Amino acid sequence: MTVLKPLFLGASALMFTLPSQAYAQSQDAPPSEVQKIYDIAVAPSPERIRSDIQTLVDFGTRHTLSETESDTRGIGAARRWIFNEFEKISAECGGCLEVMYVSDTIEGETRIPEPTEVVSVLAIQKGSIDPNRYVMMSGDIDSRVTDPLDGTSDSPGANDNASGMAGTIEAARVLSKHKFAGSIIYAGLSGEEQGLFGGKIVAQHALDQGWDIKGVLNNDMISNITGVDGVTDNSTARVFSEGTRANETEEEARTRRFTGGEVDSPSRNLARYVKAQADQYMTNLNVMMIYRLDRFGRGGHHRPFNMVGIPGVRIMETHEHYDRQHQDLRTEDGIIYGDTMEGVDETYAAKLTALNAVTMAGMAGAPPFPANVEASGAVEPSAMLKWETPANASNLAGYRVHWRLTTEPEWTHSRFVGKVNEWTFENLVIDNYFFGVSAVAKDGSETPVVFPGAAGRF
């Protein structure tokens, strides 16, 4: 591989590039790993997660249309318990979490025909340097049985999705013990089974508040290890991500067709980042990236965020057991139906919780993402990237440039280049490779790779 160095193009370029080259050559690169993230990777407790799943199951049903006044049954009791758990965690970290409800009234929908308040619970851990930059982990509060309008029958929803909710609470327990440059949102979303309404409401709230959410990690079913296909697997997780931005304009789509980016949306590069964090910091967990928004013909609570331009992925088990999803509790022909505690593997749920935790620790610990990344180099011997450094970057050590062949699923090559705002890939023709850039903190925390142009912009 040819050694890369800046390409001098003339006197004006020399004035800009020479200090950058000198910095890149003289500045030591930051650490390649963040030691505290290894501790975070093993911190989630299977026992606490199982206990929290059991507590959510014991509410009988958490259907969006279920009881809201009781303290022991229904979604009202469940969301108040979640709120109180976040408050307890906040008390243990000296008030480091801001806990709130975010809600709206939905009516006239197929699965919510009558006026119903859809209430989600958020706990926000503010960053110390760049507090308006967020990464979010979410689980779903609600559950359902066969009839999506049945708000009274027992609907334990142990795996779907008390597991994701319990994992989110546990991640808050773990990460609240640490401080990060950016902010973290721990979210319990309601109304998922009725049409992803909690996600829609929270996504709109984020836009209204001006929150700069760089990634949503939607956890939906993270505790089942035995699938309807007969396979038992406790060491693989799936990450689903959209290939192109859902909200790109016609002009942006036209540009993408000429310059690339079909598999480099911010959500796709977020998925690559999840896998890279697992590879670096975790053992006995393989991440399978799925190049789809969600399961074939199905949906999840990251989609409302994607629809408004917020990057988001779905993290979940690899082998689903459909007899345990959206089923009345019953036994037919010797087959047991229903989403009960028997389908929960808390050790696996702790692994997937840790996957979220190491991802959020890396993103929240990183500097601001490179802004306005652009590529050039048509009919040139070398490709060039340019980008800008946003405000609140006091923890920035510099930037790392990345490249890969267009057929490679993951970034294969990278180089730390220091505190520069452009880089020339000498003798790498832009037609043959994809390029990107990430920001690296002084402690080694790093952002996902940002692909150039509107196609990849976070």
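Cut-off values and rules
- Throughout this document, residue positions are counted from 1 along each chain, in the order its sequence is written.
- Two thresholds apply to this predicted model, a pLDDT of at least 70 for residue-level local features and 80 or more for giving and counting side-chain atom pairs, whereas whole-chain, interface and lining totals are computed over all residues.
- As a rule here, side-chain values cover all heavy atoms of the structure and leave hydrogens and water aside.
- We count a stretch as a helix when DSSP gives it H or I for four or more residues in a row; a strand needs E for two or more, and each element gets its number in order from the N terminus.
- Using C-alpha atoms as the atom set, the radius of gyration is obtained and then compared with a globule rule of 2.2 Å times the number of residues to the power 0.38.
- Buried means the residue's accessible area, taken with a 1.4 Å probe over protein chains only, is under 20% of the maximum for its type, while exposed means over 50%, and partly exposed covers the values in between.
- Contacts are residue-level and defined by heavy atoms, with any inter-residue pair within 4.5 Å sufficient.
- In this description, accessible areas are obtained by the Shrake-Rupley approach with a 1.4 Å probe, and a residue is regarded as covered only by the protein chains that are shown.
- Positive charges are assigned to Lys and Arg, negative charges to Asp and Glu, while His and the chain termini are left out of the count.
- Positions of charges follow a simple convention, taking NZ of Lys, CZ of Arg, CG of Asp or CD of Glu.
- Any two strands are treated as partners once DSSP identifies two or more bridges connecting them.
- With axes taken as lines fitted to C-alpha atoms, and helix axes fitted only over the stretch in contact, angles between N-to-C directions fall between 0 and 180 degrees.
- Any Phe, Tyr or Trp ring, taking Trp's six-membered ring, that has another such ring centre within 6.5 Å forms a pair; planes under 30 degrees apart are called stacked, those over 60 apart edge-to-face, and the others tilted.
- Placement of a positive charge over a ring is assigned whenever Lys NZ or Arg CZ falls within 6 Å of the ring centre and within 35 degrees of the normal to the ring plane.
- When two cysteine sulfur atoms are found within 2.5 Å, that pair is recorded as a disulfide.
- Reported orientations rely on four angle classes, namely roughly parallel under 35 degrees, roughly antiparallel over 145, roughly perpendicular from 65 to 115, and oblique for the rest.
- The nonpolar class holds Ala, Val, Leu, Ile, Met, Phe, Trp, Tyr, Cys and Pro. Asp, Glu, Lys and Arg form the charged class, and all remaining residues, Gly among them, are polar.
- By nonpolar core is meant a set of buried Ala, Val, Leu, Ile, Met, Phe, Trp, Tyr and Cys residues that side-chain atoms within 4.5 Å join together.
- Only residues whose relative accessible area exceeds 30% and that take part in no salt bridge are eligible for patches, with like-charged residues grouped when within 9 Å of each other and nonpolar side chains (Val, Leu, Ile, Met, Phe, Trp, Tyr) grouped when within 5 Å.
- In the sections that follow, a salt bridge refers to a side-chain nitrogen of Lys or Arg positioned within 4 Å of a carboxyl oxygen of Asp or Glu.

Asks: Explain the overall build of the protein to me, using residue names and the numbers behind them.
Replies: Looking only at helices and strands, the protein has 10 helices and 16 strands in total. On C-alpha atoms alone, the protein measures out to a radius of gyration of 23 Å, which is about the 23 Å that the 2.2 N^0.38 rule sets for 458 residues. Reported as C-alpha extents along the three principal axes, the dimensions of the protein are approximately 75 × 45 × 40 Å. Split into buried and exposed, the 458 residues of the protein put 59% on the buried side. Considering only residue pairs separated by 6 or more positions, the protein has 75% of its internal contacts joining residues 24 or more positions apart. Carbon and sulfur atoms make up 49% of the accessible area of the protein, which totals about 18200 Å². Put simply, the protein has 41 plus and 62 minus side-chain charges, and the middle of one group is 5 Å from the middle of the other.

Asks: Account for the sheet that holds strand β13 (residues 396-405), with residues named and values stated.
Replies: If you trace the 3 strands from one edge of the open sheet to the other, you get β14-β13-β16, paired in antiparallel fashion. Edge positions in the sheet fall to β14 (413-418) and β16 (433-441), since each has one partner strand and no second. For this sheet the average axis-to-axis angle between neighbouring strands, irrespective of direction, equals 25°. Bridge count for β13 against β16 is 9 bridges, and the pairing is antiparallel.

Asks: With reference to specific residues and values, describe the packing of aromatic side chains.
Replies: Applying the stated rule across the entire model yields 9 aromatic pairs. Taking the centre distance of 5.0 Å and the plane angle of 50° together, the rings of Phe369 and Phe458 count as tilted. With a gap of 89 residues between them, Phe369 in the loop between α10 (346-365) and β11 (371-376) and Phe458 in the segment after β16 connect regions that are remote in the sequence. Comparing Phe369 with Phe458, the two get one shared label, buried. Ring geometry for Tyr433 against Phe435: centres 6.2 Å apart, planes inclined by 50°, an arrangement best described as tilted. Taken together, Trp403, Phe425, Tyr433 and Phe435 form an aromatic cluster joined through their ring pairs. The ring of Phe197 carries Lys200 above its face, with NZ or CZ at 4.6 Å from the centroid. Its end group placed over the ring of Trp411, Arg404 keeps NZ or CZ at 4.4 Å from the ring centre.

Asks: Report on the state of the cysteines, specifying residues and quantitative values.
Replies: Joining two cysteines, a disulfide is a covalent bond between their sulfur atoms. Throughout the structure, instances matching the rule amount to 1 disulfide. Each sulfur in the disulfide pair Cys93 and Cys96 lies 1.9 Å from the other. On the sign convention where negative is left-handed, the bridge of Cys93 and Cys96, at about -85° about the S-S bond, is left-handed. Owing to a relative accessible area of 24%, Cys96 belongs among the partly exposed residues under this scheme.

Asks: Account for the packing of helix α3 (residues 46-57) against helix α4 (residues 75-92), naming residues and giving values.
Replies: At their nearest, the axes of α3 and α4 sit 10 Å apart, and the two run at 150° to each other. On the basis of their axis angle, the class for α3 and α4 is roughly antiparallel. When α3 is examined against α4, the residues Asp52, Thr55 and Leu56 are found in contact with a partner set consisting of Ala78, Trp81 and Ile82. Here the contact of α3 with α4 is composed, by residue class, of 4 nonpolar, 1 polar and 1 charged.

Asks: Give a description of the nonpolar core that names residues and reports values.
Replies: Ranked by internal contacts, the top residues of the largest apolar core, which has 87 residues, are Phe86, Leu175 and Tyr186. Judged by nonpolar contacts, the second largest core, of 22 residues, contains Ile185, Ala187, Leu189 and Phe305.

Asks: Talk me through the sheet that holds strand β6 (residues 236-240); I want residue IDs and the actual numbers.
Replies: Across the sheet, which stays open at both edges, the 8 strands sit in the order β1-β2-β4-β3-β5-β8-β6-β7 with mixed pairing between neighbours. The sheet is open, and its two edges are formed by β1 (97-106) and β7 (286-290), each paired on a single side. With direction set aside, neighbouring strand axes in the sheet form an average angle of 25°. Taken together, the 10 bridges between β1 and strand β2 (residues 116-125) define a ladder with antiparallel strand orientation. For Ser103, the partnering residue across the bridge sits in β2 and is Val119. Strand contacts of α10: β3 (130-140), β4 (182-189), β5 (212-219), β6, β7 and β8 (312-317), with the helix running at about 165° to β3, the strand carrying the most contacts.

Asks: I'd like a rundown of a nonpolar patch on the surface, residues and numbers included.
Replies: Taken together, the side chains of Leu207, Met307 and Val308 define a hydrophobic patch exposed on the protein surface, amounting to about 250 Å² of accessible area. For Leu207, the location among the structural elements is in helix α6 (residues 197-209).

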